[in-house]
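Structural features, examined
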Amino acid sequence: MTKQSKIIATEARFPLANLSLSPMNPRQDVPEADVIELAESIWAAGLIQSIAGLAGKKDTAEIVAGGRRLRALQYLAEQHPDMAKTRPELANPMVMLAPDAETAEAWANMENVARRDLHPAEEIRAYGKMEAKGGTVGAIARAFAVKEKHVYRRLALAHLPDPVLDALAANEISLSNAAAFTVSNDMKATLEVLEQARGGNYSDHQIKQALKPDSVRSSDRRVVYVTEAGYDEAGGRKTADLFQDQTFFDDVALLDELFDAKLTEAVETLQAEGWKWVEAIHDSWFCHYNMGLDKFGRVYAEEGQLSEDEAERYDELAELANGDVLDAAGEAELAALQTIIDGQYTDEQRSHAGLYVYVDGNGVQQISGALVKPEDKKAAVEAGILRKSMHSSSGNDGPKSPISQKLRDDLNRVTKGARQHAALRDPDLLIDLLAYQLSHNLRWDKPFGITTTEVPNWPSTEADGYALDERLTTNPPRDMWDAKDLGASFRAFRKKGADHVRGELVRFLAAQFQGGDEKLQALVEKATKPDTREVWTPTAANFFGRVGGPYMVEIWRDLLDLAEDHPTATTFAKLKKGEKAAKLEALFTQSDLRSALGVTEAQAAKIDAWLPEGME
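All values derive from a computational prediction rather than experimental measurement.

The rules behind the values
Residues numbered from 1 in each chain as written. Predicted model: local features only at pLDDT ≥ 70, side-chain atom pairs only at ≥ 80, totals over all residues. Heavy atoms only, no water. Helix = DSSP H or I, 4+ residues; strand = E, 2+ residues; numbered from the N terminus. Buried < 20%, exposed > 50% of the residue type's maximum accessible area, 1.4 Å probe, protein only. Areas by Shrake-Rupley, 256 points an atom, 1.4 Å probe, with all protein chains shown as cover. Phe/Tyr/Trp six-rings, centres within 6.5 Å; stacked < 30°, edge-to-face > 60°. Salt bridge = Lys/Arg side-chain N within 4 Å of Asp/Glu carboxyl O. Pairing = 2+ DSSP bridges. Axes fitted to C-alpha atoms, helices over the stretch in contact; angles between N-to-C directions. Contact = heavy atoms within 4.5 Å. Patch = residues over 30% accessible without salt bridge, like charges linked within 9 Å, V, L, I, M, F, W, Y side chains within 5 Å. Lys, Arg positive; Asp, Glu negative; His and termini not counted. Charge placed at Lys NZ, Arg CZ, Asp CG, Glu CD. Expected span 1.5 Å × (residues − 1). Parallel < 35°, antiparallel > 145°, perpendicular 65-115°, else oblique. Nonpolar A, V, L, I, M, F, W, Y, C, P; charged D, E, K, R; others polar. Core = buried A, V, L, I, M, F, W, Y, C linked by side-chain atoms within 4.5 Å. Left-handed = near helix turned anticlockwise from the far one by under 90°.

1. Thoughts on the overall build of the protein chain
When its secondary structure is counted, the protein chain shows 32 helices and 13 strands. For the protein chain, the proportion of its 616 residues judged to be buried stands at 40%. In the form shown here, the protein chain has an accessible surface area of approximately 34700 Å², with 50% of it arising from carbon and sulfur atoms.

Take a look at the structure:
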C-alpha cells in the first residue's frame, strides 16, 4: 500500500484502476444507458457524492456502495484517455473506507447512510451547472437519486442572483425565503430587500410585498375583468411566482386604463339599447344608502310567459345544467328561455330609466335594475311607468321631506313586514332560499338574517292599522334558558308532526327574511308579489298624525283631484292638525265618507293603492 493508504483515516483517494466492484454491492447489473447518462452528469458537475468501499491488498479497494458511479467513472476513463491530467479528481476518486467487513456489508445494504446530504444552496448550484451543460431533468434526477419534481423546484432557484444563494448557503435566509426572491427581475430591488431580510425573520409574504409593492395578483378584480390575455395583448409586464402558481401584474397604470376602457365600452353598449342614462361605478359594490337610491324610482321588466312546450324544455335543460352536463348550445338555449322568464323592459321604460354598471369583487360585470332619477320621476309618472309619489321634495336642494326619519324607519319596517308576509305564501321558495344561503358565502347580501335569539322585525307593540299574518306576530321563540332537558323538549317538538315542524321553519324563515341584494330581492318579489297595502292602512296614529298639516292638505287634494280653491279643499285646510289626521283616516277606512264626498271609482282605486314616498 502507498503511504497515503496506510494512514488510518475514513477517506482516501485511489486510482480508478485499483477499484473494483465488491460482491457485497447490491447493484451488480446496471443498464449501459444509465451508466452513460450518469457519466455525462459527473463530467459536467463533478462527483458530488463519494463512493464507499473496503480496502484490499496492494492499494486496492472493493466498492460496496456507489457501484453505478464507479462504472460511470470507468466509462469516462475509456472516453477520455487523458482524464488523469485533465480531471485528476475523477481519475482518482475519493473513497470512504469501512473499518471492517461487517461495516462494509452494512454500507452496502444501506447506501444512503454513507451519503453526505448537500446544502440546498450547493444542490441548486450543482443542478444549475449540469443544466447549463445540457443535462436533462431526468439525468440530474438519476445522478442525485432524487425525484424529477424535486429537480424542477431546485432549478427554479438556479437563476437567482449569487448574493441570494450566498445568503442561503450561509443560513441567513431560509429556502422558502430564497424562493420568494424569484418574483423579482430587478437586481437593485432584490439586493435591497435581501439586506433587510438577512437574519430578520422576514416571512415569504413580506419579501414578495417588498419586491412587488405596486403590483397586483391574478385574483385582482381588474385582472379578472380585463383578462390576462387582454393585458398581454396590450403589452403589460408580468412576473411569475414559480412556487405559488401565481402571477404578478406589474403595469398597474396600464391595467387601470384597460379596466376603464372595458367598463366604458359596456356603458356605451347599454346606452345604445335606448336607456335614458347609463353610468359606471368604479367601486366593487353598489350601495343604496351612500348613493341616495331611496329617492330613485324603480322600474321592473314586463314578465314573460313560456309556452307549455318551452316550460317543459326549460325544466329539461335546467336539470342538465344542474348536473354539469349541458353543452354550449344547451346553455345558450337555456339562457334564451331564462330571458323570456325574466322579462324585458319596454322602449318607454328605457326612455325614462337608466342603469348603473360596476365590476364586483370577483371581477364579474354587474348591472343594476332599471332606476328613475329623482328629477325624471315626474315625467315617468306622467308616462304611466311609475306611481305618483307624495314626497314634496325633488332633491337635496328642494323642500325638506314632510316625513321624519323616525317615521321613515317605521315605514321601512312596515315595507319589510309586507315582504315577509308575502313570502309566507311560498314556503318552498323560503326553504330553497335557506338552502342557497347555507351553501353560498353571500356575506352581507344573504337573504336571511339568521339568528336564534332575536327576530329583527318582530313588532314590539300592537300597531294600529298594521296587521301581519299572525304566524309572524304570535308565539315568539320560547326561552330555553332554564331548560333542564333539551332532548326531551326536542322529542316533544317532533311528536307534533312534520306539518308542525315545517310550519315552524317556514314562519321563522319569513320572519328572518331580509331580501338579499337588489337582483335577488327583485326575483323574490316577482314570485311573491308583496303588497304593502295588504298589511298596512294609513291611520291618524301610524301616519297622518305624524306629518305636518300642509302635507295632509296636499294628500287630501291629490287623492280627491281638488283644485286649491275648491270648497272641499279649503274647508279641510282650516281644520286643526288632529282633525285633518282623523278626516284622512276616515277617507281610507270609511265608505260612508267616500259616498258623501262623491269619490269616483278611479279616485277610490287611487286611495286604496296610495303609499307614502319610499314605500312600495
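2. Thoughts on the packing of aromatic side chains
Applying the stated criterion across every chain, the model contains 13 aromatic pairs. Their ring planes at 70° and their centres at 5.1 Å tell us that Trp 275 and Tyr 345 sit as a pair that is edge-to-face. With Trp 275 in the loop between α16 (252–271) and β9 (277–281) and Tyr 345 in the loop between α19 (328–342) and α20 (347–352), this pair connects stretches of sequence that are 70 residues apart. Residues Trp 556 and Phe 572 carry aromatic rings whose centres are separated by 4.3 Å and whose planes lie at 5° to one another, so their mutual orientation is stacked. Here Phe 572 lies in helix α29 (residues 567–573) and Trp 556 lies in helix α28 (residues 549–560), a separation of 16 residues in the sequence.

3. Overview of the pattern of salt bridges
Scanning all chains against the criterion turns up 23 salt bridges. Its salt-bridge partner being Asp 410, residue Arg 546 comes within 2.8 Å of it at the nearest N-O pair. On the criterion of sequence distance, the pair formed by Arg 546 in the loop between α27 (532–535) and α28 and Asp 410 in helix α22 (residues 405–423) is long-range, its members being 136 residues apart. Here Arg 546 falls in the partly exposed class, since its relative accessible area comes to 30%.

4. Brief notes about the sheet that holds strand β4 (residues 61–65)
The strand order across the open sheet built from 5 strands is β1-β5-β3-β4-β2, with neighbouring strands paired in mixed fashion. The outermost strands of the open sheet, each flanked by one partner alone, are β1 (11–13) and β2 (19–21). For this sheet the average axis-to-axis angle between neighbouring strands, irrespective of direction, equals 45°. Where strand β3 (residues 51–55) meets strand β5 (residues 94–97), 3 bridges bridge the pair, whose relative direction is parallel. The residue bridging Ile 51 from the neighbouring strand is Val 95, located in β5. Across the face of the sheet, helix α3 (residues 67–79) comes into contact with β2, β3 and β4 while running at roughly 130° to β2.

5. Structural notes on a negative patch on the surface
Residues Glu 308, Asp 309, Glu 312, Asp 315 and Glu 319 make up a contiguous surface patch of negative charge. Relative to the assigned elements, Glu 308 resides in helix α18 (residues 308–322). With a relative accessible area of 69%, Glu 308 lands in the exposed category.

6. Some details on the sheet that holds strand β7 (residues 238–241)
What the 3 strands build is an open sheet, ordered β6-β8-β7; its pairing is antiparallel. The outermost strands of the open sheet, each flanked by one partner alone, are β6 (216–217) and β7.

7. Some remarks on the pairing of β7
What you see with β7 is a clean split: Thr 239 and Asp 241 sit on the buried side and Lys 238 and Ala 240 on the side with no burial. As paired elements, β7 and strand β8 (residues 246–249) share 4 bridges and run antiparallel to each other. Residue pairing for β8: Asp 241 is matched across the bridge by Gln 246.

8. Some details on the environment of Ala 98
Looking at where Ala 98 falls in the secondary structure, it is placed in the loop between β5 and α6 (101–109). You can call Ala 98 buried: its relative accessible area is 9%. Taking the C-alpha atoms as reference points, Ala 98 and Leu 54, separated by 44 residues in sequence, lie 5.3 Å from one another. Not counting the four nearest positions on each side in its chain, Ala 98 is found in contact with Gly 53, Leu 54, Thr 103, Ala 104 and Trp 107.

9. Here we look at unusual backbone geometry
One non-glycine residue, Lys 529, lies in the positive phi region at around 55°. Here Lys 529 lies in the loop between α26 (518–528) and α27. The phi angle at Asp 561 is positive, at roughly 55°, despite the residue not being glycine. Within the fold, Asp 561 resides in the loop between α28 and α29.

10. Points about α3
With 13 residues, α3 should cover 18 Å at 1.5 Å per step; its first-to-last C-alpha distance of 19 Å lies within 8% of that length. Residues Gly 67, Arg 68, Arg 69, Leu 70, Arg 71, Ala 72, Leu 73 and Leu 76 constitute the buried set of α3.

11. Here's the deal with the packing of helix α7 (residues 120–132) against helix α9 (residues 148–155)
Two quantities define a packed helix pair, namely the angle between the helix axes and the distance between the axes. Two elements in contact, α7 and α9, have axes separated by 9 Å at closest approach and are oriented at 95°. As the angle between them shows, α7 and α9 are arranged roughly perpendicular. Between α7 and α9, the contacting residues are Pro 120, Glu 123, Ile 124, Tyr 127, Gly 128 and Glu 131 on the first element and His 150, Val 151, Arg 154 and Leu 155 on the second. Class assignment for the residues of the contact of α7 with α9 results in 5 nonpolar, 2 polar and 3 charged.

12. Re the side chain of Thr 539
Here Thr 539 shows up in the loop between α27 and α28. What makes Thr 539 buried here is its relative accessible area of 3%. When near neighbours in sequence (up to four residues on either side) are disregarded, Thr 539 contacts Asp 464, Gly 465, Phe 544, Gly 545 and Glu 585.

13. Digging into the pairing of β8
Of the strand pairs in this sheet, β6 and β8 are connected by 2 bridges, and their pairing is antiparallel. Its bridge partner lying in β8, Val 216 is registered against Phe 249.

14. Points about the environment of Ala 197
Take Ala 197: it is sitting in helix α12 (residues 187–197). Classification of Ala 197 as buried rests on a relative accessible area of 2%. When the C-alpha positions of Ala 197 and Ile 207 are compared, they lie 7.4 Å apart, and in sequence the two are 10 residues distant.

15. Some remarks on the nonpolar core
Nonpolar side chains tend to gather and get buried jointly when the protein is soluble and globular. Among the nonpolar cores identified, the biggest contains 49 residues, and Trp 536, Phe 543, Phe 544, Ile 555, Leu 584 and Leu 587 are the most heavily contacted of them. Going through the elements one at a time, α22, α23 (427–438), α25 (498–512), α26, α28, α29, α30 (577–589) and α32 (601–609) are the ones with two or more residues in this core. For this core, the leading source of residues is α28, giving 7 residues.

16. Remarks on the packing of α28 against α30
For the pair α28 and α30, interaxial distance at closest approach is 10 Å and the crossing angle is 30°. With respect to α30, the axis of α28 lies roughly parallel. Taken as a pair, α28 and α30 cross one another with a handedness that is left-handed. Across the interface between the two elements, Gly 549, Met 552, Val 553, Ile 555, Trp 556, Leu 559 and Leu 560 of α28 pack against Lys 577, Lys 580, Ala 581, Lys 583, Leu 584, Leu 587 and Phe 588 of α30. Residues of the contact of α28 with α30, tallied by class, amount to 10 nonpolar, 1 polar and 3 charged.

What is shown is where atoms sit, not what they do.
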